[in-house]
Protein chains: 2
Amino acid sequence: MSFEMGDLDEVSQTLKLLGDKTRLTIMKLLEKQECCVCELVEIFKTSQPSVSQHLRKLKDAGLVKENRKGQWIFYSINPNSPQHELIQQLIAFVPSQDHELEELDKKGLRISCN
Amino acid sequence: MSFEMGDLDEVSQTLKLLGDKTRLTIMKLLEKQECCVCELVEIFKTSQPSVSQHLRKLKDAGLVKENRKGQWIFYSINPNSPQHELIQQLIAFVPSQDHELEELDKKGLRISCN
DNA sequence: TTATTATATAACTATGTGCTTATATAAGCA
DNA sequence: TGCTTATATAAGCACATAGTTATATAATAA
């Protein structure tokens, strides 16, 4: 077998987490590159606490990790999650969300720390 | 690409449906063979209405289909669902639930219509 | 026909979820 | 030191969800 067999509870918990359109889209966005909270707030046109709460659920489940850079906190996929392979396969079914990041670029709202 | 790209809403809706342990297990059981409601009631040790309501959600989403045989109604995976490929891939991560059906056999509770 | 078995549906309830507003924490800047 | 920006957390509310009990429908058997 090419992947670890998941535990039933862990698999259903992961599906429940990604059974939310916002969180599923976040994971798809992070597939390509890390994002900070304010970028996601802009993309989802929702409140900052709402985005933070979604990110916390993903982080509590170990699906993403955070990386502070100055005043910003960047989130990225955690490749060491036991659920990583499942997630990769799932988000392969989600259409690309790159246009959202391109929109941000056009508005000059991308955050870059080098 | 070896599969149809899903619509974002349809994918998240499917994940939400299978983000429930009972429904995820039902889909895993049906992967191997059709089951009738009373078998599932026995397996999940829950009420008959509870199982019926889970099955209705799966049927409303087009993930399963029903087939009446006399007084029993057998449910099976709907291979024509647009979500079929996604479902197949994700239930591959769920451990086999065959032991549940074997238990039923031992107790003489399997329903067979020939 | 009546009784029994299998399943579905409706109404209710308890719990969970996602959002909002308000506030706290933390980093950077004047 | 304030002031601003970015993020997190807490509390409250509206709505969704999964279970329960009671009842309806449908098939079968006596």
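Residues numbered from 1 in each chain as written. Chains lettered and ligands numbered in written order. Predicted model: local features only at pLDDT ≥ 70, side-chain atom pairs only at ≥ 80, totals over all residues. Heavy atoms only, no water.

A. Summary view of the sheet that holds strand β3 (residues 72-77) of chain B. Residue and element names in this part refer to chain B. Taken in spatial order, the three strands make up an open sheet running β1-β3-β2, and their pairing is antiparallel. Each of the sheet's edge strands pairs with one partner strand only, and the pair in question is β1 (35-36) and β2 (64-69). As defined by bridge partners, β2 adjoins β3 across six bridges and the pair is classed as antiparallel. Looking at the pairing, E66 lines up with Y75 of β3. Helix α2 (residues 21-32) contacts β1, β2 and β3 of the sheet and is inclined by roughly 90° relative to β3. (Pairing = 2+ DSSP bridges. Helix = DSSP H or I, 4+ residues; strand = E, 2+ residues; numbered from the N terminus. Contact = heavy atoms within 4.5 Å. Axes fitted to C-alpha atoms, helices over the stretch in contact; angles between N-to-C directions.)

B. Inspection of the protein's contact with DNA strand C at higher detail. Close to DNA strand C lie 26 residues, the nearest being H54 and K57 of chain A together with Q48, S52 and Y75 of chain B. What you see for DNA strand C is that sugar and phosphate hold 61% of its atoms within 4 Å of the protein. C38 of chain B is positioned such that a nitrogen or oxygen atom in its backbone is 2.7 Å from a phosphate oxygen of DNA strand C. Looking at the surface near DNA strand C, the elements with two or more residues in it are α4 (48-60) of chain A together with α3 (37-44), α4 (48-60) and β3 of chain B. Considered class by class, the residues forming the surface near DNA strand C number eight nonpolar, eleven polar and seven charged. (Near = heavy atom within 4 Å. Polar contact = N/O pair within 3.5 Å; in protein donor to acceptor, adjacent residues only side chain to side chain. Nonpolar A, V, L, I, M, F, W, Y, C, P; charged D, E, K, R; others polar.)

C. Highlighting the interface of chain A and chain B. The interface is formed by 26 residues belonging to chain A together with 26 residues belonging to chain B. The junction of chain A with chain B conceals about 2300 Å² of combined surface from both sides, 73% of it contributed by carbon and sulfur atoms. The largest share of the area that chain A buries against chain B comes from L8, L15 and F93 of chain A, three residues that together contribute 31% of it. Where chain A touches chain B, the interface holds two salt bridges. Salt-bridge contacts for D9 of chain A lead to K21 of chain B; the nearest nitrogen and oxygen are separated by 2.7 Å. Our count for the chain A to chain B interface comes out at two residue pairs in polar contact (both at pLDDT 80 or more). Secondary structure elements with two or more residues in the side of chain A that touches chain B: α1 (8-18), α2 (21-32) and α5 (84-91) of chain A. The dominant element in the side of chain A that touches chain B, judged by the number of residues it contributes, is α1 of chain A, at seven residues. (Buried area = accessible area lost by both parts, 1.4 Å probe. Salt bridge = Lys/Arg side-chain N within 4 Å of Asp/Glu carboxyl O.)

D. Seen up close, the relation of the copies chain A and chain B. Under the fitted operation, chain A is carried onto chain B by 0.0 Å of movement along the axis and a turn of 180°, and the coordinates agree to an RMSD of 0.0 Å. The transformation just described matches what one would write down for a two-fold rotation axis. (Least-squares fit on C-alpha atoms with pLDDT ≥ 70 in both.)

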